[in-house]
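# Observations on the three-dimensional arrangement
Each chain, letter by letter, is given below.
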Amino acid sequence: MYTRVKKAVLFIVGVFLLTGCVDLWEREPDCKVSTKVSQKKLTFPNVGGQQYVEVTPKPFYLIQKIEVGKVGEHGYTYEERPVNSYNTEHYTVRKIEDGRLLVQTNRYYGDKPYEFSIEVKGGDCSKTIYCTIKP
């Protein structure tokens, strides 16, 4: 009986240690409160669509990158702005009333996949959601 209790206690302690290590492994190095998203990759058909993403902690905001200048022949400089929504020719991103993130895509006529990313910040560090619209 004593060995069963001892094994059970060791098992419980092991589970707590393993859980703590996994949390530290996933946490960003300088983040006290990490931003978490329910989906890290989204894929949309070319006819358009929408998907919802849970983001914690709340409140959160989107980081919109705005091109402010060209550097050299192929480089650009960007300004990052905290916003609640933004849109482009191919997609719209916005926070909705219930606290989720809504990603909507428009009809896409290209012959190559269109890839874009969405940066969300709810804690000390941001999280990137990678998106693809299939041709």
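A few points on the structure.

Parameters and conventions
- Residues numbered from 1 in each chain as written.
- Predicted model: local features only at pLDDT ≥ 70, side-chain atom pairs only at ≥ 80, totals over all residues.
- Heavy atoms only, no water.
- Helix = DSSP H or I, 4+ residues; strand = E, 2+ residues; numbered from the N terminus.
- Buried < 20%, exposed > 50% of the residue type's maximum accessible area, 1.4 Å probe, protein only.
- Contact = heavy atoms within 4.5 Å.
- Areas by Shrake-Rupley, 256 points an atom, 1.4 Å probe, with all protein chains shown as cover.
- Salt bridge = Lys/Arg side-chain N within 4 Å of Asp/Glu carboxyl O.
- Disulfide = S-S within 2.5 Å.
- Phe/Tyr/Trp six-rings, centres within 6.5 Å; stacked < 30°, edge-to-face > 60°.
- Lys NZ or Arg CZ within 6 Å of the ring centre and 35° of its normal.

### Focus on the overall build of the protein
A tally of regular secondary structure across the protein gives one helix and 11 strands. N-terminal to C-terminal, the α/β element order of the protein is α-β-β-β-β-β-β-β-β-β-β-β. Within the protein, the proportion of its 135 residues that are buried is 27%. Counting contacts in the protein only where the partners sit at least 6 residues apart, residues at least 24 apart contribute 49% of the total. Carbon and sulfur atoms form 54% of the exposed surface of the protein, whose accessible area is close to 9,700 Å².

### Section: the pattern of salt bridges
Any two side chains of opposite charge can pair, on the condition that their charged atoms come close. This structure, assessed with the given rule, holds four salt bridges. The closest approach of N and O atoms between Lys-58 and Glu-54, which form a salt bridge, is 3.9 Å. For Lys-58, a relative accessible area of 42% puts it in the partly exposed group. In this structure, Lys-65 and Glu-119 form a salt bridge, with 3.7 Å as the shortest nitrogen-oxygen distance.

### Concerning the state of the cysteines
Summed over all chains, the structure comprises one disulfide. Each sulfur of the disulfide joining Cys-31 and Cys-125 lies 1.7 Å from the other. With Cys-31 in the loop between α1 (2–26) and β1 (36–37) and Cys-125 in the loop between β10 (114–121) and β11 (126–133), this residue pair connects regions lying 94 residues apart in the sequence. Take Cys-31 and Cys-125: they sit in the same class, and that class is buried.

### Quick notes on unusual backbone geometry
Cis geometry is adopted by the peptide bond preceding Pro-57, which originates at Thr-56 and carries an omega value of -5°. With respect to the element layout, Pro-57 can be found in the loop between β4 (55–56) and β5 (61–71). The peptide bond linking Lys-58 to Pro-59 adopts the cis configuration, its omega dihedral lying at 0°. Counting through the fold element by element, Pro-59 comes out in the loop between β4 and β5.

### Details of the packing of aromatic side chains
Using the criterion set out here, one finds four aromatic pairs in the structure. Ring centres of Tyr-91 and Phe-116 lie 3.8 Å apart, and the angle between their planes is 10°; on these two criteria the pair is classed as stacked. Separated by 25 residues along the polypeptide, Tyr-91 in strand β8 (residues 91–95) and Phe-116 in strand β10 bring together distant segments of the chain. With a relative accessible area of 8%, Phe-116 lands in the buried category. Pairing Tyr-114 with Phe-116 gives two aromatic rings, centres 5.9 Å apart and planes at 40°, and the pair type is tilted. In this structure Tyr-114 comes out as partly exposed when scored by relative accessible area, which is 24%. The structure contains a cluster of three or more aromatic residues connected by ring pairs, namely Tyr-86, Tyr-91, Tyr-108, Tyr-114 and Phe-116. The ring of Phe-60 has Lys-95 lying over it, and the distance from NZ or CZ to the ring centre is 5.1 Å.

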